[in-house]
Amino acid sequence: DTVAELDAMVSVCRACPRLVRWRESVATTGRRASFADQPYWGRPGPGFGDPSSPVLVVGLAPAANGTNRTGRMFTGDRSGDWIYAALHRAGYASQPTSVASGDGLVLHGIRIVAAVRCAPPANKPTTQERHTCGQWLARELELSGPHLRSVLALGSIGWDAAIATARGLGWTVPRPKPKFGHGAEAELRTPEGRPVRLLGSYHVSQQNTFTGKLTEQMLDAVIARL
Ligand code: DU
Ligand code: SF4
């Protein structure tokens, strides 16, 4: 199959009962008041961006009123304001904002996915949900093929998912397991022996950006190393 087929399959996945209930309840009766008149996507967030990219970004999960509303990764929420502004500064995004599908945003050389593709209650997926959704990430890594040079993990859940998924695919991952941190780096190797660099950044969520734990300069510095 192709990346387009993968996206289509992901977007109708119902493998995690708790997350299916949550994503659909937010989308129907649980909409944020300011979006109450809008249709909500209410499904998993498929990958967004260039399917033959050298860079894959692995985020945490869709925001209940962001991707779960708009259907596009990091679109229509505060985390998206941060990541797309940074990707625009670095030349990966055609514009600094991501409001809704059809807003003209195009990504070049980068693709964005989430470790868990359905919005979780309190942004906290369970271990089982992380494990289940790891199968989609595995397919993503397999389909990325020889173009892939680096993976940017936003937050420790993305970092752990990238490592667990790479190991599951028979990639070589250093032992002991590389520790997540802002600016952390590990060299993974595919079974064919191609190196893929894993870089970590603190997640662009408001609890980091609003408090100054993650600054624009810190984010730009990691993206520059991709
Ligand atoms: O640390 P670990 O047991 O390798 O897994 C960390 C984290 O990654 C766990 O909560 C499930 C998830 N995961 C995954 O995403 N894909 C896999 O194939 C295996 C585990
Ligand atoms: Fe499917 Fe992933 Fe959503 Fe679970 S979190 S229902 S595996 S898309």
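Residues numbered from 1 in each chain as written. Chains lettered and ligands numbered in written order. Predicted model: local features only at pLDDT ≥ 70, side-chain atom pairs only at ≥ 80, totals over all residues. Heavy atoms only, no water.

Enquirer: What is the right way to look at the overall build of the protein in this model?
Expert: Summing up its helical and strand segments, the protein has 8 helices and 6 strands in all. For the protein, the succession of helices and strands along the chain, N to C, is α-α-β-β-α-α-β-α-β-α-β-β-α-α. For the protein, the spread of C-alpha atoms along the principal axes amounts to about 50 × 35 × 30 Å. Of all 226 residues assigned to the protein, the portion counted as buried reaches 52%. For the protein, long-range pairs separated by at least 24 residues make up 66% of all intrachain contacts whose partners lie at least 6 apart in sequence. Counting every atom, the protein has about 10,300 Å² of accessible surface; 55% of that belongs to carbon and sulfur. The average position of the 26 basic charges and that of the 18 acidic charges among the side chains of the protein differ by 6 Å. (Helix = DSSP H or I, 4+ residues; strand = E, 2+ residues; numbered from the N terminus. Buried < 20%, exposed > 50% of the residue type's maximum accessible area, 1.4 Å probe, protein only. Contact = heavy atoms within 4.5 Å. Areas by Shrake-Rupley, 256 points an atom, 1.4 Å probe, with all protein chains shown as cover. Lys, Arg positive; Asp, Glu negative; His and termini not counted. Charge placed at Lys NZ, Arg CZ, Asp CG, Glu CD.)

Enquirer: In this structure, what is going on with the environment of Leu56? I would like to understand it.
Expert: Along the chain, the position of Leu56 falls in strand β2 (residues 55-59). The exposure class assigned to Leu56 is buried, which follows from its relative accessible area of 4%. For the pair Leu56 and Ser156, spaced 100 residues apart in sequence, the C-alpha to C-alpha distance is 16 Å. Apart from residues no more than four positions distant in its own chain, Leu56 is found in contact with Arg111, Val113, Leu137, Glu140, Leu141, Leu148, Ser150, Val151 and Leu152.

Enquirer: Where do I start with the site of ligand 1 in this structure?
Expert: As a matter of local geometry, ligand 1 sits amid Thr127, Arg130, His131, Gly134, Asp160, Ala161, Ala164, Thr165 and Lys177. Separating an oxygen atom of ligand 1 from a backbone N or O atom of Arg130 is a distance of 3.1 Å. Looking at the shell around ligand 1, the elements that each hand over two or more residues are α5 (127-144) and α6 (156-168). The residue inventory of the shell around ligand 1, partitioned by class, reads 2 nonpolar, 4 polar and 3 charged. (Near = heavy atom within 4 Å. Polar contact = N/O pair within 3.5 Å; in protein donor to acceptor, adjacent residues only side chain to side chain. Nonpolar A, V, L, I, M, F, W, Y, C, P; charged D, E, K, R; others polar.)

Enquirer: What is the right way to read the pattern of salt bridges from this model?
Expert: Opposite charge on two side chains allows them to pair when their charged atoms are near. Under the defined criterion, the tally for this structure stands at 16 salt bridges. Via salt bridges that share partners, Asp7, Arg111, Arg117 and Glu140 belong to a single interconnected network. (Salt bridge = Lys/Arg side-chain N within 4 Å of Asp/Glu carboxyl O.)

Enquirer: Explanation requested: the site of ligand 2 in the structure shown.
Expert: Every residue lining ligand 2 is accounted for by Cys13, Ala15, Cys16, Leu19, Pro44, Val116, Arg117, Cys118, Thr132, Cys133 and Trp136. Among the elements that take part in the shell around ligand 2, α5 stands out by supplying 3 residues, more than any other. In terms of residue class, the shell around ligand 2 is made up of 9 nonpolar, 1 polar and 1 charged.

Enquirer: What's the story with the pairing of strand β6 (residues 195-201) in this structure? I'm lost.
Expert: Each regular strand displays side chains that alternate between the two surfaces of the sheet. Among the 7 residues in β6, 5 count as buried, and that is most of the element. Pairing of strand β5 (residues 185-189) with β6, which is carried by 5 bridges, proceeds in the antiparallel orientation. Note that in β6 the partner of Leu188 across the bridge is Val196. The hairpin turn running from β5 into β6, its antiparallel successor, is 5 residues long, and Gly193 in that turn takes a positive phi close to 90°. (Pairing = 2+ DSSP bridges.)

Enquirer: Looking at this model, I keep getting lost on the sheet that holds β6. Mind explaining?
Expert: Hydrogen bonding along the main chain pairs the strands of a sheet, whether they run parallel or antiparallel. In spatial order, the strands read β1-β3-β2-β4-β6-β5; together these 6 strands make up an open sheet with mixed pairing. Whereas interior strands pair on both sides, the edge strands pair on one side only; in this sheet they are β1 (48-49) and β5. In the sheet, β2 pairs with strand β3 (residues 110-114) via 5 bridges, with the strands oriented parallel. Opposite Leu56, over in β3, you have Arg111 as the bridge partner.

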